[in-house]
Amino acid sequence: MKTVICLALLWGVTLTETPSKGSIPESEPGLSTETTPFTLVKQENDICIYTRWLPVDENRSARQVKVTFAVDAPASEALSVLLNDASFTSWMKGTSDYHRVHTVDPGNWYSYIQFSIPWPFNDQDCIIHYEIRNHSRTYTEILLNGEPDYLSAVNGVTRISHMEGAWKLVSAGPERTLVEYVIFSNQPSSFPRWITDPIIQNNMIKTMTAFRECVTQNL
């Protein structure tokens, strides 16, 4: 369960087509197009959580999670929060450490994240490569890719082996931004969904609510 809880807080597979005005693209290069559509599984605080299953191999599929919501703020404010290393642990629930490891350029960097897991389980961590892509004047995407071998393992901390992710910010007006966050990991879980699903969904709602508040608090 610890793996599922942590991965639910990470950043998922990206959608990269240029959107129409006020919408978020639906195609996903690199993934099979013969997938089932997303299904809405929870809605709270004007935040929607969707899931769907993607094949990992001939014998196993893994679930992709998508979260969508709107923020009453310019896209630049939402991007500013995502770029603010110091604010990360205040809105990404369950994180005990976040720091930048290496900056390639202003739109390309690596960061270390550690998640605090209740005893008797080990804490977990990951290294994420971030890359900003400005697809248009109204659409910005932050791609994320797990790089588990980028740093040596930390003693007593379990390294998350795989994840892919992105944030997408689409301007829907001068003071409104559509936000989408999707996560996908092929790392298997040995715990049943009836245990993990409520935890994943509640953490998602809390994280995105805190993120939205962080974006709007300085307006």
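Residues numbered from 1 in each chain as written. Predicted model: local features only at pLDDT ≥ 70, side-chain atom pairs only at ≥ 80, totals over all residues. Heavy atoms only, no water.

A word on the overall build of the chain. Per the secondary structure count, the chain includes 4 helices and 10 strands. Secondary structure elements of the chain, listed N to C terminal, follow the sequence α-β-β-β-α-α-β-β-β-β-β-β-β-α. Split into buried and exposed, the 219 residues of the chain put 50% on the buried side. For the chain, the proportion of contacts with a sequence separation of at least 24, taken over those separated by at least 6, is 58%. Summing over all exposed atoms, the chain offers an accessible surface of approximately 10700 Å²; the carbon and sulfur share of this is 49%. (Helix = DSSP H or I, 4+ residues; strand = E, 2+ residues; numbered from the N terminus. Buried < 20%, exposed > 50% of the residue type's maximum accessible area, 1.4 Å probe, protein only. Contact = heavy atoms within 4.5 Å. Areas by Shrake-Rupley, 256 points an atom, 1.4 Å probe, with all protein chains shown as cover.)

A surface patch of nonpolar side chains, about 200 Å² in accessible area, is lined by Val101, Tyr150 and Leu151. Mapped onto the fold, tyrosine 150 is located in the loop between β7 (139-146) and β8 (157-159). (Patch = residues over 30% accessible without salt bridge, like charges linked within 9 Å, V, L, I, M, F, W, Y side chains within 5 Å. Salt bridge = Lys/Arg side-chain N within 4 Å of Asp/Glu carboxyl O.)

Attention now moves to the pattern of salt bridges. Per the counting criterion, the structure on display carries 7 salt bridges. Where arginine 63 meets aspartate 197, a salt bridge forms, and the shortest distance between an N and an O atom there is 2.5 Å. Of this pair, arginine 63 sits in strand β3 (residues 61-71) while aspartate 197 is found in helix α4 (residues 193-216), placing the two residues 134 residues apart along the sequence. Each member of the pair, arginine 63 as well as aspartate 197, carries the same accessibility label: buried.

Moving on, we come to the pairing of strand β1 (residues 39-44). For β1 and strand β2 (residues 47-55), the ladder comprises 5 bridges, and the chain directions are antiparallel. The residue of β2 that forms the bridge with glutamate 44 is isoleucine 47. Remark: 2 residues form the turn of the hairpin made by β1 and β2, two consecutive strands paired antiparallel; asparagine 45 in that turn has positive phi of roughly 55 degrees. (Pairing = 2+ DSSP bridges.)

Bringing helix α2 (residues 75-83) into the picture now. Of the positions making up α2, those classed as buried are Ala75, Ala78, Leu79, Val81 and Leu82. Buried residues in α2, looked at end-on, bunch into an arc of 155 degrees, giving them a common side. If you follow the buried residues of α2, they end up packed against α3 (88-91), β6 (123-136), β7, β9 (164-171), β10 (177-184) and α4. (Arc of directions from axis to C-beta.)

What follows covers the pairing of β7. Counting buried positions over the 8 residues of β7 gives 7, a clear majority of the element. Of the strand pairs in this sheet, β6 and β7 are connected by 8 bridges, and their pairing is antiparallel. Within β7, the residue paired with glutamate 131 across the bridge is leucine 143. Between β6 and β7, which follow one another and run antiparallel, lie 2 residues. Here β7 runs beside β9; their pairing, made up of 7 bridges, is antiparallel. Its bridge partner being in β9, leucine 143 is matched across the sheet by alanine 166.

Quick look at the environment of aspartate 85 now. On the secondary structure map, aspartate 85 appears in the loop between α2 and α3. Along the backbone, aspartate 85 and histidine 99 are 14 residues apart, and their C-alpha atoms lie at a distance of 6.5 Å. Aside from chain neighbours lying at most four places away, what touches aspartate 85 is Tyr98 and Arg100.

Turning our eyes to something else, we now look at the packing of aromatic side chains. If you walk through the whole model with that rule in mind, you get 9 aromatic pairs. Their ring planes at 80 degrees and their centres at 5.9 Å tell us that tryptophan 91 and tryptophan 167 sit as a pair that is edge-to-face. On the criterion of sequence distance, the pair formed by tryptophan 91 in helix α3 and tryptophan 167 in strand β9 is long-range, its members being 76 residues apart. With respect to class, tryptophan 91 is no different from tryptophan 167; both count as buried. (Phe/Tyr/Trp six-rings, centres within 6.5 Å; stacked < 30°, edge-to-face > 60°.)

Okay, the side chain of histidine 162 next. On the secondary structure map, histidine 162 appears in the loop between β8 and β9. Given the relative accessible area of 19%, histidine 162 is considered buried. Separated by 3.0 Å, the side chain of histidine 162 and the backbone nitrogen of asparagine 186 make a polar contact. (Polar contact = N/O pair within 3.5 Å; in protein donor to acceptor, adjacent residues only side chain to side chain.)

A few words now on unusual backbone geometry. Backbone geometry places asparagine 45, a non-glycine residue, at a positive phi of 55 degrees. Relative to the elements of secondary structure, asparagine 45 occurs in the loop between β1 and β2. Look at asparagine 45 and you get partly exposed, because its relative accessible area is 40%. Of note in the backbone geometry, aspartate 46 takes a positive phi value of approximately 60 degrees without being a glycine. Structurally, the position occupied by aspartate 46 is in the loop between β1 and β2. Overall, aspartate 46 belongs to the exposed group, its relative accessible area being 63%.

So far we have only geometry, and geometry alone does not tell us how the molecule works.
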